[in-house]
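Structure assessment
Letter by letter, the chains look like this.
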Protein chains: 4
Amino acid sequence: MDPVNVREFEALARERLDPVHYDYFAGAAQDEVTLRANESAFARLALVPRILRGAAAPALDVTLLGADASMPILMSPTAFHRLAHPDAERATARAAAEAGTIMIAAMLSTVAIEDITAEAGKVAADPSLWFQLYVQPDLGFTEAIVRRAEAAGCRALVVTVDSPALGRHERNDRNAFHDLPDGMRCENLRELRGGEPGSVRQVVLSPEISWRHIDWLREITPLPIVLKGALHPLDARLAVERGVDALLVSNHGGRQLDTMPATIDQLPLVAEAVEGRVPLLLDGGVRRGTDVVKALALGASAVAVGRPILWGLAADGEAGVTRVLETLRAETAHTLTLCGCDGPRAVTRDLVREVRCCH
Amino acid sequence: MDPVNVREFEALARERLDPVHYDYFAGAAQDEVTLRANESAFARLALVPRILRGAAAPALDVTLLGADASMPILMSPTAFHRLAHPDAERATARAAAEAGTIMIAAMLSTVAIEDITAEAGKVAADPSLWFQLYVQPDLGFTEAIVRRAEAAGCRALVVTVDSPALGRHERNDRNAFHDLPDGMRCENLRELRGGEPGSVRQVVLSPEISWRHIDWLREITPLPIVLKGALHPLDARLAVERGVDALLVSNHGGRQLDTMPATIDQLPLVAEAVEGRVPLLLDGGVRRGTDVVKALALGASAVAVGRPILWGLAADGEAGVTRVLETLRAETAHTLTLCGCDGPRAVTRDLVREVRCCH
Amino acid sequence: MDPVNVREFEALARERLDPVHYDYFAGAAQDEVTLRANESAFARLALVPRILRGAAAPALDVTLLGADASMPILMSPTAFHRLAHPDAERATARAAAEAGTIMIAAMLSTVAIEDITAEAGKVAADPSLWFQLYVQPDLGFTEAIVRRAEAAGCRALVVTVDSPALGRHERNDRNAFHDLPDGMRCENLRELRGGEPGSVRQVVLSPEISWRHIDWLREITPLPIVLKGALHPLDARLAVERGVDALLVSNHGGRQLDTMPATIDQLPLVAEAVEGRVPLLLDGGVRRGTDVVKALALGASAVAVGRPILWGLAADGEAGVTRVLETLRAETAHTLTLCGCDGPRAVTRDLVREVRCCH
Amino acid sequence: MDPVNVREFEALARERLDPVHYDYFAGAAQDEVTLRANESAFARLALVPRILRGAAAPALDVTLLGADASMPILMSPTAFHRLAHPDAERATARAAAEAGTIMIAAMLSTVAIEDITAEAGKVAADPSLWFQLYVQPDLGFTEAIVRRAEAAGCRALVVTVDSPALGRHERNDRNAFHDLPDGMRCENLRELRGGEPGSVRQVVLSPEISWRHIDWLREITPLPIVLKGALHPLDARLAVERGVDALLVSNHGGRQLDTMPATIDQLPLVAEAVEGRVPLLLDGGVRRGTDVVKALALGASAVAVGRPILWGLAADGEAGVTRVLETLRAETAHTLTLCGCDGPRAVTRDLVREVRCCH
């Protein structure tokens with residue numbers, strides 16, 4: 001099969017992956033209500049294009065926190081790429097650099113952040129990587145890993161704030177999948193005190209992490225800080241007041257608290273709360289160029305994709321990731337053209353209309 | 001199979017129960033519209049968590065009508081536990097006492113109320129049991145059974161008010177299941193005048209029961225009175241005016257009048273009517289910790305579960321009930337943590353958002 | 001199978017009927033959207049009962065246009081009962097009289113109106129029958145048939161006004177079913193001029209019928225006039241102004257114009273338009289006692305049922321019809337009891353609440 | 001099978017067509033959300049008929065841009081009729097002329113426009129044909145083809161404005177169907193400069209086409225200009241201001257940008273924007289006479305049908321097209337009669353009511 005869209009990459013990945021690992025990537029918390037909602041919510045939003053604008057072929061590039069991206073589609077941080085393909089994060093990093101977009105490297109990667117950025121550097125002169133961080137109660141470790149990310153050339157910190165505890169994935173419970181297989185480890189965790197070096201079980205997801213930790217991060221690093229997972233409008237406003245540089249509107253792909261709203265449904269409320277004071281990104285359910293443009297219309301500066309990257313990686317390593325990215329790029333350009341827009345900035349709120357649920 | 005959630009306990013119970021008895025527990029009135037609505041209504045409510053609150057691990061305990069419960073999850077009254085397991089209400093009582101929560105013992109139990117409270121007392125020093133009552137036109141019998149409940153140590157009366165007649169369960173009609181099998185009886189009914197002692201057929205569900213009977217109960221007993229089944233806002237207000245101590249918002253699990261609204265859909269209207277003057281409880285469709293937190297957000301002080309207890313009992317006796325309770329406790333704690341709440345009282349209305357029906 | 005509800009009578013009827021005749025009764029116009037809507041619309045209305053009213057067992061009787069009925073459930077006019085059972089309208093008439101309710105005898109009956117009323121008279125001293133009329137452009141014939149109905153003892157005329165043309169039933173087209181089988185005829189049409197005596201093809205459904213014909217009827221007969229099929233609020237108001245005595249809110253069971261709204265969805269708009277100046281009846285999709293009570297709450301004085309009567313007739317002749325009527329009666333009484341109402345007049349608008357569509 | 005409605009013609013066509021060609025006609029862009037929405041949106045609109053108007057049998061004829069049509073149902077432009085039947089556009093043209101309605105001949109026809117109009121002229125003295133145009137950046141070619149359409153007797157230009165790029169049909173991608181089979185060509189493209197004469201690949205769908213091109217068309221031709229594909233109310237208003245003569249509200253049958261709204265859902269917004277200053281047409285999902293009347297009620301002067309014509313053509317050539325047109329005509333007349341309307345102009349906005357989505 002030669003996949004013609006992102007969904008077909010998932011089908012291909014499913015064939016190639018160990019079912020337990022497929023479930024790890026595909027699954028989400030509990031009843032997976034949010035997982036489904038993320039995708040289905042896009043279908044209830046219609047695009048009403050403008051016509052006859054004599055627009056040029058669209059330019060997709062955007063600038064985010066000082067970094068240029070060739071398109072408004074980033075890589076969301078996802079853990080354990082080695083489960084999908086032996087080239088692991090090296091392949092994803094090369095594909096992102098090749099595509100000229102931003103990879104948000106996950107703290108729980110199976111390749112060390114230094115190796116990820118180095119690999120990207122082989123492909124592009126000036127690749128953009130951001131580093132996703134779970135703030136650890138052990139501030140020493142947290143500072144050390146931030147320093148590693150800085151030294152490796154990461155240009156922003158994406159701080160995940162929706163994880164005061166680990167999400168409950170019942171697929172993993174049924175599969176008794178709770179740690180990486182032998183021979184794989186979290187290469188960024190080698191310095192964590194105690195326990196087996198590099199074990200995912202060493203990561204602490206603690207409810208004690210608070211705004212004070214964000215303030216502290218603000219002090220110790222000059223990197224821009226992106227908050228990933230603020231969905232409540234009151235929190236979005238607090239984040240802006242605390243000097244956060246951007247928000248990634250995310251429900252963790254449905255993997256943390258089940259029955260969270262779809263991100264695309266929550267985006268307008270967040271956008272209203274922040275009043276344009278910081279750029280917004282969105283992930284969750286983006287599978288089509290039309291989804292990208294809907295998110296832009298509702299207030300996002302760019303979107304990020306998680307599972308689609310993994311499907312590409314599982315299907316065909318770096319080449320698969322490249323094809324997924326280029327599929328989404330082509331669909332986004334196509335959608336912009338059909339909407340009469342010459343680029344992301346031309347996308348206005350009125351291009352989207354909510355339609356009734358039997359759509 | 002090792003159940004990882006409440007729904008899987010139902011599957012297990014279904015395997016173990018006589019199909020006729022499974023139908024008795026699982027079924028509801030007529031087309032079972034309300035039964036399904038109770039569950040599906042929760043899926044249309046999304047949770048929008050707060051972040052970075054630096055909250056401590058949540059404490060789940062609540063105080064209800066002067067009784068402490070270790071979590072905001074009570075046992076709803078359900079009849080005929082012996083159909084589910086030979087240990088019957090003894091097993092459920094022990095599991096409730098062990099879990100430190102409140103069992104609402106049903107008037108139509110297959111173990112006498114004295115034996116239920118005694119059994120609970122073997123496990124916990126000071127177990128909390130409330131007694132569910134169908135007021136009988138025979139006030140002598142009604143007073144006698146109230147006295148038995150008082151003497152047995154029950155700490156509140158839960159008066160069912162949605163049953164001026166018996167619900168029509170067509171599953172039971174098809175199964176010709178209309179009374180307990182030989183060897184089982186309603187142990188609390190032995191004193192009812194006339195008829196076979198302890199037969200369920202002796203219970204009178206009469207439309208003549210009125211607010212005057214509530215006033216009369218108020219006079220004859222010092223126990224707090226909880227009204228179970230007031231769904232109409234006007235009735236909720238009347239109940240408060242009559243001095244009722246709490247309301248259990250319930251549609252009898254869909255077993256009385258079919259096409260009643262889901263309780264979680266009705267809860268906000270009841271909460272608005274009572275304006276916080278009495279605590280509200282809710283049962284109906286609670287199968288997840290997220291359901292518990294949604295009910296708290298919409299105005300409940302605690303929820304109660306009925307069928308899940310029976311699934312646990314049928315699956316594995318006391319141990320099964322314990323596992324069901326601990327599963328719900330863990331999910332509720334987990335949900336509170338993920339919502340940034342350190343306990344039930346931290347749950348606010350804005351954590352819940354209604355989402356469109358294709359969720 | 002021993003049917004426990006109306007839907008099970010349909011299943012039984014389906015087994016017993018010639019499939020072509022089953023399709024004739026069960027089917028409706030074109031895509032049968034309205035047929036399904038009539039039933040599904042009830043499920044989106046919830047009943048919110050009142051409690052503790054100390055109500056007596058409900059009395060179901062109503063008085064409609066001076067006629068007493070033992071319950072607020074009438075027989076809608078339906079054609080060709082002989083297709084369902086050899087006893088035909090004789091059986092239905094006896095069952096209606098026995099049940100003490102009003103049969104609206106159809107003009108297209110396979111038993112003459114005189115024989116229908118006579119048959120009812122054998123069972124009840126003072127049976128109530130109304131006569132359903134398609135006004136014919138041939139006013140001579142129309143007057144003649146009105147005179148026959150009067151003489152036979154019918155107490156009201158139910159004038160069908162939604163049929164300026166014959167509905168298109170594609171089931172009948174596919175079955176090539178366009179007239180009665182040999183040996184059956186429309187016994188009321190024997191006097192129609194021209195053509196084969198008693199052929200259904202002689203009936204003229206003409207767009208020329210207008211309010212003037214209603215005025216003319218008003219002049220020629222002292223019988224109360226019920227308009228069947230006025231759904232538009234403007235027409236309901238016109239009807240009241242023209243002196244019509246009652247409205248039967250109906251979409252002809254979905255058999256005329258497909259995609260008409262469900263009658264229960266249209267009832268509140270009609271009720272608002274007529275402001276209580278004439279009684280309203282409703283047919284369409286009533287299959288449960290809860291449906292009856294919902295219609296009462298939304299403004300109907302009574303409902304009428306069509307297909308359920310035919311399922312009973314097909315299943316077991318007069319006895320089947322009786323059982324269908326008694327099932328609906330029992331369910332309605334049960335619903336009233338559970339709603340705290342002592343009769344149809346106690347049913348108020350606030351007992352019904354619209355719920356979201358995933359109910 | 002003898003089709004009794006349009007949908008059954010599709011089933012018949014599917015049997016007769018090469019599956020690759022069936023997919024080309026039946027398919028639409030990407031996930032085909034808009035394709036399904038076009039049809040399902042009609043089901044959520046109910047018709048509330050008027051009664052007793054004494055209307056004459058309805059006259060269906062309408063006048064559009066000076067051209068008479070015997071019914072408010074036109075042929076939408078569709079490409080490549082030869083794929084459906086060897087008689088190709090000759091058959092469709094004869095059927096349209098015979099039916100007395102307007103054929104909008106597609107620029108991408110497999111019969112030259114001169115031959116199409118000539119064929120129509122053999123059947124009707126004064127057939128009405130309009131010509132659908134994709135404005136080409138090569139204005140010389142564009143002017144030449146407009147001149148050919150004028151000379152051939154076309155009476156209006158229908159300018160497609162929703163196609164700044166070719167829609168992505170994944171069915172065609174999977175079938176590797178990207179050009180006409182050998183022996184078929186686009187007969188109107190023979191004069192396009194460069195490339196193989198008459199190849200569909202020569203058509204340029206360019207985002208550079210703008211309102212200036214419409215102004216230019218306005219100058220070079222006296223033919224009325226109909227804009228096909230303006231869905232955004234702002235564009236509808238711009239079109240009126242630019243002097244466009246009519247709008248065909250269309251989403252290209254879902255074949256361009258997926259997730260556009262259903263046309264019937266967008267029609268009221270367009271109607272509100274143009275305030276009656278130009279006539280509106282609609283295509284997309286019209287399969288029933290009730291659909292036609294709903295479009296009329298919401299502001300259309302007439303509808304156009306695309307795929308149904310192709311199903312008729314594939315099923316039985318000219319005779320099949322004729323049967324499809326006559327089926328829709330009969331259904332429309334029937335619907336008007338049942339709504340109490342004596343023609344399209346009697347259809348008012350209040351005949352349509354939006355119903356809840358579980359309809």
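So, how was this worked out
Positions within a chain are numbered from 1, following the residues in the order the chain's sequence is written. Naming scheme: in the order in which they are written, chains are lettered from A and ligands are numbered from 1. Reporting in this predicted model follows two pLDDT cut-offs: at least 70 for local features of residues, and 80 or more for side-chain atom pairs to be given and counted; totals over whole chains, interfaces and linings ignore these cut-offs and use all residues. Excluding hydrogens and water, the side-chain figures rest on all heavy atoms present in the structure. Strands are runs of DSSP state E lasting at least two residues, helices are runs of H or I lasting at least four, and both sets are numbered from the N terminus onward. Between the two quantities, the radius of gyration covers C-alpha atoms and the globule rule is 2.2 Å times the number of residues to the power 0.38. To sort residues, take the accessible area from a 1.4 Å probe on protein chains only and compare it with the maximum for the residue type: under 20% means buried, over 50% means exposed, and anything in between is partly exposed. Note on contacts: a residue pair is in contact if any heavy atoms of the two residues lie within 4.5 Å. In this description, accessible areas are obtained by the Shrake-Rupley approach with a 1.4 Å probe, and a residue is regarded as covered only by the protein chains that are shown. A residue counts as positive if it is Lys or Arg and as negative if it is Asp or Glu; His and the chain ends are not included. In this description, the location of a charge corresponds to atom NZ of lysine, CZ of arginine, CG of aspartate or CD of glutamate. UniProt positions are given in the numbering used here, feature names are shortened, and annotations may be inferred rather than shown by experiment. A pair is scored as a salt bridge if a Lys or Arg side-chain nitrogen falls within 4 Å of a carboxyl oxygen belonging to Asp or Glu. One bridge is not enough; two strands pair if DSSP finds at least two bridges between them. Here a crossover is taken to be right-handed if, once the strands point away from the viewer, the path from the first strand over the helix to the second is traced clockwise. A least-squares superposition brings the copies together, and it is based on the C-alpha atoms of residues with pLDDT no lower than 70 in both. When we speak of the arc, we mean the arc of directions from the helix axis to the C-beta atoms. Only the contacting stretch of a helix is used when fitting its axis, a line to C-alpha atoms as for every element, and angles between N-to-C directions run 0 to 180 degrees. Should an angle fall under 35 degrees it is called roughly parallel, over 145 degrees roughly antiparallel, and 65 to 115 degrees roughly perpendicular, with every other angle called oblique. Crossing chirality is assigned from the near helix's rotation relative to the far helix, an anticlockwise turn below a right angle marking it left-handed and a clockwise turn marking it right-handed. The classification used treats Ala, Val, Leu, Ile, Met, Phe, Trp, Tyr, Cys and Pro as nonpolar, Asp, Glu, Lys and Arg as charged, and all other residues, Gly among them, as polar. Pairs of N or O atoms within 3.5 Å make up the polar contacts considered here, provided that, within protein, one atom can donate a hydrogen while the other can accept it, and that residues adjacent in sequence are counted only when both atoms are side-chain atoms.

Along its length, chain A carries 12 helices and 12 strands. Against the compact-globule benchmark of 21 Å for 359 residues, chain A has a radius of gyration of 19 Å, which places it among compact chains. Taken along its principal axes, the extent of the C-alpha atoms in chain A is 65 × 50 × 45 Å. Residues classed as buried in chain A amount to 67% of the 359 residues present. A separation of at least 24 residues holds for 75% of the contacts in chain A among residues at least 6 apart in sequence. Surface exposure of chain A reaches about 11700 Å², of which carbon and sulfur atoms provide 49%. Positive and negative side-chain charges of chain A, numbering 38 and 48 respectively, have mean locations separated by a distance of 3 Å.

Residue and element names in this part refer to chain A. Per the UniProt entry, the sites bearing "active site" (unreviewed entry) are His 252 in this numbering. If you trace the backbone, His 252 turns up in the loop between β9 (246-249) and α10 (263-274). Residue His 252 is classed as buried on the basis of its relative accessible area of 13%. Excluding its chain neighbours within four sequence positions, the residues that come into contact with His 252 are Tyr 134, Thr 160, Asp 162, Ser 163 and Lys 228.

Another point: the environment of Phe42(B). Residues and elements named next belong to chain B. Secondary-structure assignment places Phe 42 in helix α3 (residues 33-43). Classification of Phe 42 by relative accessible area gives buried; the value is 2%. Sequence-wise, Phe 42 and Glu 187 are 145 residues apart; in three dimensions their C-alpha atoms are separated by 36 Å. Setting aside residues no more than four positions away along its own chain, Phe 42 makes contact with Ile 264, Leu 282, Gly 284, Gly 285, Val 286, Asp 291 and Lys 294.

Moving on, we come to the pattern of salt bridges. Opposite charge on two side chains permits them to pair, given that their charged atoms come into close proximity. Applying the stated criterion to the full structure yields 112 salt bridges over all chains. As a salt-bridge pair, Arg174(B) and Glu8(C) come within 2.5 Å of each other at their nearest N and O atoms. One end of the pair, Arg174(B), is in helix α7 (residues 170-175); the other, Glu8(C), is in helix α1 (residues 6-16), on a second chain. A relative accessible area of 12% places Glu8(C) in the buried class.

In this section: the pairing of strand β8 (residues 225-228) of chain B. The side chains of a regular strand alternate between both faces of the sheet. Residues and elements named next belong to chain B. Residue alternation in β8 divides its side chains into two sets, Ile 225 and Leu 227 and Val 226 and Lys 228, and both sets are buried. Alignment of strand β7 (residues 157-160) against β8, held across 4 bridges, turns out to be parallel. Directly across from Val 159, in β8, lies its bridge partner Leu 227. One ladder, built from 3 bridges, connects β8 with strand β9 (residues 246-249); its direction is parallel. Paired with Lys 228 across the two strands is Leu 248, which belongs to β9. The parallel pair β8 and β9, bridged by helix α9 (residues 233-241), forms a crossover whose chirality is right-handed.

Here the focus is the relation of the copies chain D and chain A. When chain D is fitted to chain A, the best match, at an RMSD of 0.0 Å, comes from turning it 90° and sliding it 0.0 Å along the axis. This pairing of chains is accounted for by a four-fold axis. Comparing contact sets, just 5% of the residues at the interface of chain D also lie at the interface in chain A, consistent with a heterologous contact between different surfaces.

With that settled, the discussion passes to helix α9 (residues 233-241) of chain C. Residues and elements named next belong to chain C. Buried within α9 are the following residues: Asp 235, Ala 236, Ala 239 and Val 240. Taken down its axis, α9 places every buried residue within 140° of arc, on the same side. Phi turns positive, to about 85°, at Gly 243, one or two residues after α9.

What follows is about the packing of helix α11 (residues 289-297) of chain A against helix α12 (residues 307-338) of chain A. Residues and elements named next belong to chain A. Put simply, α11 and α12 touch, their axes get as near as 7 Å, and they point 60° apart. Here α12 runs oblique to α11, going by the angle between their axes. Taken as a pair, α11 and α12 cross one another with a handedness that is right-handed. Side by side, α11 and α12 meet where Gly 289, Thr 290, Val 292 and Val 293 of the first sit next to Leu 328, Glu 331, Thr 332, Thr 335 and Leu 336 of the second. Residue composition of the contact of α11 with α12, by class: 4 nonpolar, 4 polar and 1 charged.

Listed as interface residues are 43 residues of chain D and, on the opposing side, 32 residues of chain A. Where chain D touches chain A, the interface holds 5 salt bridges. Our enumeration of links across chain D and chain A arrives at 15 residue pairs in polar contact (both at pLDDT 80 or more). Of all the elements in the fold, those that place two or more residues in the side of chain D that touches chain A are α3 (33-43), α7 (170-175), α8 (211-220), α9 (233-241) and α10 (263-274) of chain D. For the side of chain D that touches chain A, the element with the highest residue contribution is α3(D), accounting for 4 residues. Grouping the amino acids of the side of chain D that touches chain A by side-chain chemistry returns 22 nonpolar, 9 polar and 12 charged.

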